Amino acid sequence: MVNQTLYCLRKRWLLVLILAIIWLPASLRAQVTDSSFVQKQPQKITGRISSQKGELLARVTVQEMGTDNATFSDEQGTYTITVSGENSQLQFSSVGYLPKTLPVPKTGVLDVALEEVIAAGDEVVVVGFGTQKKASVVGAISTVTPRQLQLTPSRSISNNLAGMVSGVLAVQRSGDPWANNSDFWIRGISTFGNASNRPLVLIDGVERNLNNIDPEEIESFSVLKDAAASAVYGVRGANGVIIINTKRGKIGAPKVTARFERAQTSPTKLPEYVGSVKYLEIMNEYKKNSGDPVFRSEEIINNYRNKIDPELYPDINW
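Since the structure is predicted, the reported quantities are computational estimates derived from the model, not experimental observations. (Residues numbered from 1 in each chain as written. Predicted model: local features only at pLDDT ≥ 70, side-chain atom pairs only at ≥ 80, totals over all residues. Heavy atoms only, no water.)

## Considering helix H6 (residues 298–306)
Residues Ile301, Asn303 and Tyr304 constitute the buried set of H6. Buried residues of H6, viewed axially, fall in a sector of 150 degrees; they line one side. Opposite the packed face of H6, turned more than 90 degrees from it, sit the exposed residues Glu299 and Asn306. Buried residues in H6 make contact with helix H5 (276–290). Phi turns positive one or two residues past the end of H6, at lysine 307, with a value near 55 degrees. (Buried < 20%, exposed > 50% of the residue type's maximum accessible area, 1.4 Å probe, protein only. Helix = DSSP H or I, 4+ residues; strand = E, 2+ residues; numbered from the N terminus. Arc of directions from axis to C-beta. Contact = heavy atoms within 4.5 Å.)

## Brief notes about a positive patch on the surface
Residues Lys53, Lys247, Lys250 and Lys255 make up a contiguous surface patch of positive charge. Relative to the helices and strands, lysine 255 resides in the loop between strand E16 (241–246) and H5. By relative accessible area, which is 75% here, lysine 255 ends up exposed. (Patch = residues over 30% accessible without salt bridge, like charges linked within 9 Å, V, L, I, M, F, W, Y side chains within 5 Å. Areas by Shrake-Rupley, 256 points an atom, 1.4 Å probe, with all protein chains shown as cover. Salt bridge = Lys/Arg side-chain N within 4 Å of Asp/Glu carboxyl O. Lys, Arg positive; Asp, Glu negative; His and termini not counted. Charge placed at Lys NZ, Arg CZ, Asp CG, Glu CD.)

## Examining the side chain of glutamate 64
By the secondary structure assignment, glutamate 64 is in strand E2 (residues 61–64). A relative accessible area of 4% means that glutamate 64 is categorised as buried. With residues up to four places along the chain from it excluded, the contact list for glutamate 64 reads Asn69, Ile81, Thr82, Val83, Ser84, Ser88, Gln89 and Leu90.

## Focus on the environment of alanine 70
For alanine 70, the location among the structural elements is in strand E3 (residues 70–72). Of the residues examined, alanine 70 reaches a relative accessible area of 43% and is grouped as partly exposed. Measuring from C-alpha to C-alpha, the distance between alanine 70 and phenylalanine 92 comes to 9.8 Å, with 22 residues separating the pair along the chain. Alanine 70 has contacts with Val62, Gln63 and Ile81, leaving out every residue within four places of it along the chain.

## Things to note about a nonpolar patch on the surface
Taken together, the side chains of Val274, Tyr279 and Ile282 define a hydrophobic patch exposed on the protein surface, amounting to about 290 Å² of accessible area. Looking at the secondary structure, you find valine 274 in the loop between E16 and H5.

See the structure below:
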């Protein structure tokens, strides 16, 4: 009886062992197919980074989200990075552009166009010791875009400033078309007498005449209006300072800009030519009415009329 019981127990354990051997590989296969157990396969991602205008961007940071894995784009805007798996996400960031986060594509190629940040607080102004963000500047500084200076047909920048920058007064002293410059002041006249009351104009750090530069050459234009902004220049900045930086060469395809201007003038009215004879007759009549002796005798008037001597008695329509 005991032997029969032991035989039954052994038979049951043998059956359990057989079932375990049958079902164990199936459960392991189920675990392998579970995504939590799938080993992540590294994936190589490449692409090109540009702005919305199509300009290729260099030194853009490309980072895999949640990791320290990062790289930079080169001068051609291209980048290459190896991510940990197909579920990774890449973040693209650069100064002056909004960051962008995108999932990794299965193709391995990801081109990105970054949007430029446009905000008044981030506007860069030129000060005496370099450049600063406009939001961090305490002094009164105004900036003018080169595009604004190019809108008016006048070749003189001192004329173009009139009404464009608050606190700047411009007065054109002459109507001569060849004297098209203006006298201008920043926040009025602060120096009287024989001293100069004109603002200090610095072009690329060198004091120059404001009207001797073409608006097409200007990259940045800043007007320093108060003492805090122009303190670095001492007495020379007492009347305000205008700082101009000219354009520099840039990497990329060459660009050619052409502009054609045409003007036509005509007199509104042309006076009728009187002539020497008619003029002398009118003058004689004027003298007669005034009770004075005649201006020219009748004999002299006949000499003009008969053109006896063109040098002594000229009659020229100038």
